[in-house]
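These are the residues of each chain, in order.
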Amino acid sequence: MKLFGHPVHPLLIHFPTALLPMDLGLSVLYYTTDNASFYQAGAYCLWAGAALGLVAAVTGLIDFIAIPRTDKTAVALALYHGFLNGSLILIFAVIAYKSWQSFPLPFLPGIKGLVIKSVLVVALFVGNYLGGRLIYTHHIGIDFKTKTNGSPSA
């Protein structure tokens, strides 16, 4: 899927990739300092990361449909990537919804919440690595016929 000639999915994934680990970092700060401002800032990161992750998942699904079925390796890798990151984003969305319902009171406070978020963030990075392989190895979702400066190659 492209918007004004630019691939949308690779553009959008940077937001949940940054915001969801930021929520984890702010949750650690909240746990260690008991300063509610860290929890509140983390909640905003969680909500935005989950929402934009859902949008990125939809655009990724559109890109998946466009993968040629003859490229079995890319299709398999895309299924792993999509299932892993899609599941993670859904879990983050549930946590974000519960967090929104209990706001400003903390949801998943303590070491249990930190462990859950840590496992989810590490798994997100693994899924993102698989997505990177789709782009850099299989050129899925990008136009490989352009030079690095954006002009068409001869």
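Above: the structure in question.
Scoring rules and cut-offs
- Residues numbered from 1 in each chain as written.
- Predicted model: local features only at pLDDT ≥ 70, side-chain atom pairs only at ≥ 80, totals over all residues.
- Heavy atoms only, no water.
- Phe/Tyr/Trp six-rings, centres within 6.5 Å; stacked < 30°, edge-to-face > 60°.
- Helix = DSSP H or I, 4+ residues; strand = E, 2+ residues; numbered from the N terminus.
- Buried < 20%, exposed > 50% of the residue type's maximum accessible area, 1.4 Å probe, protein only.
- Polar contact = N/O pair within 3.5 Å; in protein donor to acceptor, adjacent residues only side chain to side chain.
- Contact = heavy atoms within 4.5 Å.

Here we look at the packing of aromatic side chains
Move 1: This structure, assessed with the given rule, holds six aromatic pairs.
Move 2: Geometrically, the ring pair formed by Tyr39 and Phe103 is stacked, given 6.5 Å between the ring centres and 25° between the ring planes. Linking Tyr39 in helix H3 (residues 36–65) with Phe103 in the loop between helix H4 (72–102) and helix H5 (110–136), this pair joins segments that are 64 residues apart in sequence.
Move 3: Phe103 gets classed as partly exposed once you look at its relative accessible area, which sits at 25%.
Move 4: Between Tyr97 and Trp100, the ring centres sit 5.9 Å apart and the planes meet at 35°, which makes this aromatic pair tilted. Pair noted here: Tyr97 and Trp100 are both in helix H4, with a separation of three residues, about one helical turn.
Move 5: Through successive ring pairs, a cluster of aromatic residues spans Tyr30, Tyr39, Tyr44, Trp47 and Phe103.

Considerations on the side chain of Asn85
Move 1: Position of Asn85 relative to the elements: it lies in helix H4.
Move 2: A distance of 2.8 Å separates a polar atom in the side chain of Asn85 from a polar atom in the side chain of Asn128.
Move 3: When residues no more than four places from it in sequence are discounted, the contact partners of Asn85 are Ala123, Leu124, Gly127 and Asn128.

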